[in-house]
Structures are given as structure tokens and as C-alpha cells.
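# Descriptive analysis of the structure
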Amino acid sequence: MEEKELVIIGAGPAGLCAAIEARKKNIDVLIIDENIKPGGQLFKQIHRFFGSKQHMAGIRGITIGEKLLEEVEKLQANVWLDSTAYGIFGNRIAGVIKSRKKNVTVKAKAILIAAGAVENPISFEGWTLPGVMGAGACQTMINIHRVLPGKKALMIGAGNVGLIVAYQMLQAGIEVKAVIEIMPKINGYMVHAAKIKRFGVPIFLSTTILEASGKNEVEAAVICPVDQDYKPILKRTKSLDVDLICIAAGLQPLNELLCQAGCQFTYKPYLGGNVALHNENMETTIDGIFVAGDCSGIEEASTAMEEGKLAGIAIAEKIRKRKWDDEKLEVRNRLNDFRIGTFGEKRKISKMEIEKEYYEKVKN
Ligand SMILES: Cc1cc2nc3c(=O)[nH]c(=O)nc-3n(C[C@H](O)[C@H](O)[C@H](O)COP(=O)(O)OP(=O)(O)OC[C@H]3O[C@@H](n4cnc5c(N)ncnc54)[C@H](O)[C@@H]3O)c2cc1C
């Protein structure tokens, strides 16, 4: 068994920012990530970030990732790549398969779970055929592995992920036949919708998928409009000639390790579903187990970075028995500034409810 002061599971923006803050306070940090390169979602994001300048709008995800990695390297945090944390056991022990070969257990004074999110599936006739995949999986194949998962595609979902990935598919040379959205309006930013419309891709609103058809793989998608009660209008069904169907139906926090550690959860639809209860320092209901980023509620890379910083500072406080209140206040103010607008306000309220519920649970 190895011993570290802080083990961080997940080297996305949340995990890397936490490592940077903790290293600045001289905490012995180990970051674990299952990928061969750290950065989480950032290295798939070849587009310029949306949001405000303060939160790196206009900068590409890959550039943000590179800057964070440079800093982590400078501060000499230990990083284990190609390594999967498979369990959290009593007394803050993480079980890890290191470099895909060796089973190692690491005992820590604190564990931060920053494992990110998982894509929501939707099921329909033929959805298990090869050629049906999450939009995130398609983005990974194109932007990381440089593999085209198909030639003619249908994208399901007109939120930001669906729109951005549809555009990246076009950039990679895939013919996007349509984007369909069951809601009567586009949920993503208009700037992303406009980009794919300029390519001549239709966005069909109030429309759903009925079936992926094909013998051994996807050969067509059957789509149809829905009425105001979201019931398919079957007489207006049509078939699209595609070999790839991507699902962008939202994300939910990747909760398995938190669940296994015994953390308590609450349901918050504006944060992606079941979220581990955590306090203003990102500590869960299990002493010494912290959470940050998409894992603590689906938001954006900018909030993931700030939550990671907050967790890093709070963990250093706990380990060193010191206070860095001013630094934490600055981060919390930035998080508040970011959580504005229609979606941001709802997330801010959900986060406040989580904190309240945390104290109610901990008291009892
Ligand atoms: C298409 C798309 C476009 C986006 N565009 C923007 C944008 O413009 N602006 C913005 O602010 N946000 C954007 N986002 C959101 C942003 O990418 C995420 O909110 C952010 O990456 C979350 O960071 P994270 O550190 O919580 O998780 P992640 O970046 O997902 O990192 C988590 C890491 O943990 C690893 N991991 C998980 N489980 C384990 C385990 N058991 N053992 C080891 N490693 C593990 C994962 O492989 C991953 O590397 C976009 C997302 C998508 C999908």
C-alpha cells in the first residue's frame, strides 16, 4: 500500500486545478486518470469556449488543457496515467489498476473524486446496433483517435453538445444529414446552431427517432415529428440514409465511486440528476472525501476549474489545519459570477439546496 496526502481521481479541469492549488500549499498530491493523456474533456474541445472572458471564453479547450498541464508539471504533482481507480474502501483507501497492469492500493488523508460525467442514453428500436453511439464517444473518436465513426450521420439533440459535435463531424468530413430535437426549440447557443445551418444541415424541432434500422449495423434512421404531448405523429414518419446515429441527450455525474464510498445523494435535475451532497468546501457526507466538477453536478469546464480550486484549497486547510479563507472567498465569488442567466441561476439555487441538505443530513 502506498501513502499520499491527497489522491485525486480524474485529471480533467477540476482535478488538475485542485492539484495545482494543493501543490501550491505543499500537499503531496497523486492524480490518477484512466486516459493516456491528462486533461479530461478539454483535449476533445477544438472549439473556442463560450461564456465570459474571465472564464476563458474564446480560448480553445485544448489550449486551456495545455496551460493546466504545464502548471501541474511545474509544481511536480505525481500523475498516474492509463490507471483506473476501481474502488474506495474504508479509511480513505483507493484501489487502482496502475498502468493497466498492477493492482495498487493508496491510502490518503483526503480523496477528491473529479471523475466527470457519463452520457445519458436514449433507447429506441435498434439502438444497440453498431453505429449508434453517444455524441461524446463520436467526439473522442474524431478528435482524439482520428477515426471517422461513419460517413453519413444523424445527431439526436440540439443542446450545445449536439450542436458542437455535429459541427466537428462536418469539419472532419462526415455528412450530417440532420439534427433532430424533441423540444420545440433549440437548447444550445444560437452561435453553434448558426454554424451548422450555414453548412445546410437542417435542424428538425419537435422531432424524435423511432428506429435505427439495418442488418448488422446502422443503415437508416427512422424519424418523425411529435405532437404537443411528445407523442409521435406516425403518418409523418421518414427515413434518413445514415450509418451513424449520435445521441446528445444530456450528461449525468459519474457517481459510482462516490456511491461506493457511502456518500449520500440528492436529486437535482438542473445538475444532471443524482448528485453527492457536499458542503461549501466540496466535502461530501463522508469525512475526507471531496467532489468537484461535473461529478458534483453537470455544469461547464469553467465551473469545474473553480470547484477544483476550491476543493484543493479546502483539502490543504484540512490537512495542514490552517485557514485560507480569503482565497476560498475569491473562488466562491467567481463561481457566483459564473452561475448567472437562465441555466446558471437554476444551478446556483440547486447548489445552495445541496449545501442546506448536506448540513441537515450531517446534523442527523
Ligand atoms: C461537446 C462539449 C463541448 C463543451 N464545451 C464547453 C465550453 O465551450 N465551455 C465550457 O466551459 N465547458 C464546455 N464543456 C463542458 C466541459 O467539458 C466539462 O464541464 C468539463 O470537462 C468537466 O470537467 P471535469 O474535470 O469535471 O471532468 P472531465 O473533463 O470529464 O474529466 C474527468 C476525468 O476523470 C477520468 N476518470 C473518470 N473515472 C475515472 C476512474 N475511475 N479512474 C481514473 N480516471 C477516471 C475521465 O476519464 C476524465 O479524464 C463541453 C462539453 C462537451 C461534451
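Since the structure is predicted, the reported quantities are computational estimates derived from the model, not experimental observations.

Cut-off values and rules
Residues numbered from 1 in each chain as written. Predicted model: local features only at pLDDT ≥ 70, side-chain atom pairs only at ≥ 80, totals over all residues. Heavy atoms only, no water. Core = buried A, V, L, I, M, F, W, Y, C linked by side-chain atoms within 4.5 Å. Buried < 20%, exposed > 50% of the residue type's maximum accessible area, 1.4 Å probe, protein only. Helix = DSSP H or I, 4+ residues; strand = E, 2+ residues; numbered from the N terminus. Contact = heavy atoms within 4.5 Å. Domains from an automatic or database assignment. Salt bridge = Lys/Arg side-chain N within 4 Å of Asp/Glu carboxyl O. Polar contact = N/O pair within 3.5 Å; in protein donor to acceptor, adjacent residues only side chain to side chain. Nonpolar A, V, L, I, M, F, W, Y, C, P; charged D, E, K, R; others polar. Pairing = 2+ DSSP bridges. Axes fitted to C-alpha atoms, helices over the stretch in contact; angles between N-to-C directions. Left-handed = near helix turned anticlockwise from the far one by under 90°. Arc of directions from axis to C-beta. Phe/Tyr/Trp six-rings, centres within 6.5 Å; stacked < 30°, edge-to-face > 60°. Lys NZ or Arg CZ within 6 Å of the ring centre and 35° of its normal. Patch = residues over 30% accessible without salt bridge, like charges linked within 9 Å, V, L, I, M, F, W, Y side chains within 5 Å. Areas by Shrake-Rupley, 256 points an atom, 1.4 Å probe, with all protein chains shown as cover. Near = heavy atom within 4 Å. Expected span 1.5 Å × (residues − 1).

## A look at the nonpolar core
- One finds L6, I8, V29, I31, L68 and L112 to be the most contacted residues of the largest nonpolar core, which totals 40 residues.
- Contributions of two or more residues to this core are made by β1 (2–9), α1 (13–24), β2 (29–32), α2 (61–74), β6 (102–113), α7 (301–320) and α8 (325–338).
- Considering each element in turn, this core owes the most residues, 10 residues, to α7.
- Not counting the four nearest positions on each side in its chain, V29 is found in contact with L6, I8, A19, A22, R23, A77 and N78.

## Considerations on the domain arrangement of the protein chain
- Per the domain assignment, the segments making up the protein chain are domain 1 (2–118 + 251–363) and domain 2 (121–247).
- Taken together, the contacts link 8 residues of domain 1 with 12 residues of domain 2.
- The interface formed by domain 1 and domain 2 includes 0 salt bridges.
- Scanning the region where domain 1 abuts domain 2 turns up 3 residue pairs in polar contact (both at pLDDT 80 or more).
- For the side of domain 1 that touches domain 2, the per-class residue count stands at 4 nonpolar, 2 polar and 2 charged.

## Details of the sheet that holds strand β11 (residues 203–204)
- Ordered in space as β8-β15-β9-β10-β11, the 5 strands form an open sheet in which the pairing is parallel. Taken across any chain shown, the strands that pair with only one partner, and hence form the sheet edges, are β8 (132–134) and β11.
- One ladder, built from 3 bridges, connects β8 with strand β15 (residues 244–247); its direction is parallel. Across the sheet, residue G134 finds its bridge partner in β15, namely I247.
- Each of β9 (152–156), β10 (175–180), β11 and β15 is contacted by helix α4 (residues 160–171), which is oriented at about 170° to β9, the strand it contacts most.

## Thoughts on the packing of α1 against α7
- With their axes 7 Å apart at the nearest point, α1 and α7 run at an angle of 35° to one another. Of the two possible hands of crossing, α1 and α7 adopt the one that is right-handed. Here P13, A14, C17, A18, E21 and A22 of α1 come into contact with α7, specifically with A301, A304, M305, G308, K309, G312 and I313.
- For the contact of α1 with α7, a count of residues per class yields 9 nonpolar, 2 polar and 2 charged.

## Observations concerning helix α3 (residues 135–143)
- When we look at burial in α3, the residues that qualify are A135, G136, C138, Q139, I142 and N143. Viewed along the axis of α3, the buried residues span an arc of 160°, placing them on a single side of the element.
- Those residues of α3 that are buried are in contact with β7 (117–119), β8, β9, α4 and β15.

## Observations regarding the packing of aromatic side chains
- Taken as a whole and judged by the stated rule, the model has 3 aromatic pairs.
- Between Y358 and Y359 the ring centres are 4.9 Å apart and the planes differ by 85°, which places this aromatic pair in the edge-to-face class.
- Across the ring face of W324, the terminal group of K25 is positioned such that the distance to the ring centre comes to 5.0 Å.
- Across from the ring centre of F43, 4.0 Å away, lies the NZ or CZ of K37, which sits over that ring.

## A look at a nonpolar patch on the surface
- A cluster of nonpolar side chains, I182, M183 and Y230, forms an exposed patch at the surface whose accessible area comes to about 240 Å².
- Within the element layout of this structure, M183 appears in the loop between β10 and α5 (190–198).
- On the accessibility criterion, M183 (33% relative accessible area) is partly exposed.

## Thoughts on the sheet that holds strand β14 (residues 238–240)
- Strand order in this open sheet of 3 strands is β12-β13-β14, and the pairing throughout is antiparallel. Unpaired on one side and paired on the other, β12 (207–213) and β14 mark the two borders of the sheet. Here the average twist between neighbouring strands, direction ignored, is 30°.
- The pairing of strand β13 (residues 220–225) with β14 spans 3 bridges and is classified as antiparallel. In the strand pairing of β14, A221 is matched with L240.

## Examining the site of the ligand
- Neighbouring the ligand are 35 residues, the closest being D33, E34, Q45, A85 and D294.
- One nitrogen or oxygen atom from the side chain of E34 is found 2.6 Å from an oxygen atom belonging to the ligand.
- Within the backbone of D294, one N or O atom sits 2.8 Å away from an oxygen atom of the ligand.
- Starting from 1000 Å² of accessible surface for the ligand in isolation, the protein chains cover 94%.
- Mapped by element, the contributors of at least two residues to the shell around the ligand are α1, β4 (84–89), α4 and α7.
- When residues are assigned to domains, the shell around the ligand turns out to be shared by domain 1 (2–118 + 251–363) and domain 2 (121–247), each giving three or more.

## Some points on the environment of I182
- With respect to the secondary-structure elements, I182 resides in the loop between β10 and α5.
- Assessed through its relative accessible area of 34%, I182 is described here as partly exposed.
- Considering only alpha carbons, one finds I182 and K231, 49 residues apart in sequence, at a separation of 10.0 Å.

## Some words on α4
- When the terminal C-alpha atoms of α4 are compared, their 16 Å separation across 12 residues agrees well with the 16 Å that a helix rising 1.5 Å per residue should span.
- Taken together, the buried positions of α4 are occupied by N160, G162, L163, I164, V165, A166, Q168, M169 and L170.
- As for α4, its buried residues are in contact with α3, β9, β10, α5, β11 and β15.

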